[in-house]
Amino acid sequence: MSDWGPVFVAVVLFILLTPGLLIQIPGRSKFVEFGNFQTSGVSILVHSLIYFVLICIFLLAVGVHMYLGG
């Protein structure tokens, strides 16, 4: 039996926190922009830090586990 919790959390957070896909912090003209499909180096750094913090919270503090299979 494999623990798929970390894989699921990492994939979902990666999709949600891709800069410019749903949200971009900081944006090019405003602090927060939605769905502009553009990015910058600062935005990549901010989204990476947010990803790291959330993945640590979900995997280490909360302990998300999903067991699939027999």
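- Per an unreviewed UniProt entry, the protein is named Transmembrane protein, and its organism is Cannabis sativa.

## Focus: the side chain of His-47
Logical step 1: Mapped onto the elements, His-47 comes out in helix H2 (residues 41-62).
Logical step 2: His-47 sits in the buried class, given a relative accessible area of 3%.
Logical step 3: If we ignore the near neighbours within four places in the chain, the residues touching His-47 are Leu-17, Thr-18, Pro-19, Ile-23, Gln-24 and Ile-25.

## Quick look at a nonpolar patch on the surface
Logical step 1: On the surface, Trp-4, Val-7, Phe-8, Val-11, Val-12, Phe-14, Ile-15, Leu-16, Leu-21, Leu-22, Phe-37 and Leu-68 cluster together into a nonpolar patch covering about 1,200 Å² of accessible area.
Logical step 2: Take the nonpolar patch: its biggest share by element is seven residues, from helix H1 (residues 5-16).
Logical step 3: If you trace the backbone, Leu-22 turns up in the loop between H1 and strand E2 (23-24).
Logical step 4: By relative accessible area, which is 45% here, Leu-22 ends up partly exposed.

## Section: unusual backbone geometry
Logical step 1: A cis amide bond, omega -20°, links Ile-25 with the succeeding residue Pro-26.
Logical step 2: We note that Phe-37 has phi near 55°; this positive angle belongs to a residue other than glycine.
Logical step 3: Mapping Phe-37 onto the fold places it in the loop between strand E3 (33-34) and H2.
Logical step 4: For Phe-37, a relative accessible area of 65% translates into the label exposed.

The rules we used
Residues numbered from 1 in each chain as written. Predicted model: local features only at pLDDT ≥ 70, side-chain atom pairs only at ≥ 80, totals over all residues. Heavy atoms only, no water. Helix = DSSP H or I, 4+ residues; strand = E, 2+ residues; numbered from the N terminus. Buried < 20%, exposed > 50% of the residue type's maximum accessible area, 1.4 Å probe, protein only. Contact = heavy atoms within 4.5 Å. Patch = residues over 30% accessible without salt bridge, like charges linked within 9 Å, V, L, I, M, F, W, Y side chains within 5 Å. Areas by Shrake-Rupley, 256 points an atom, 1.4 Å probe, with all protein chains shown as cover. Salt bridge = Lys/Arg side-chain N within 4 Å of Asp/Glu carboxyl O.

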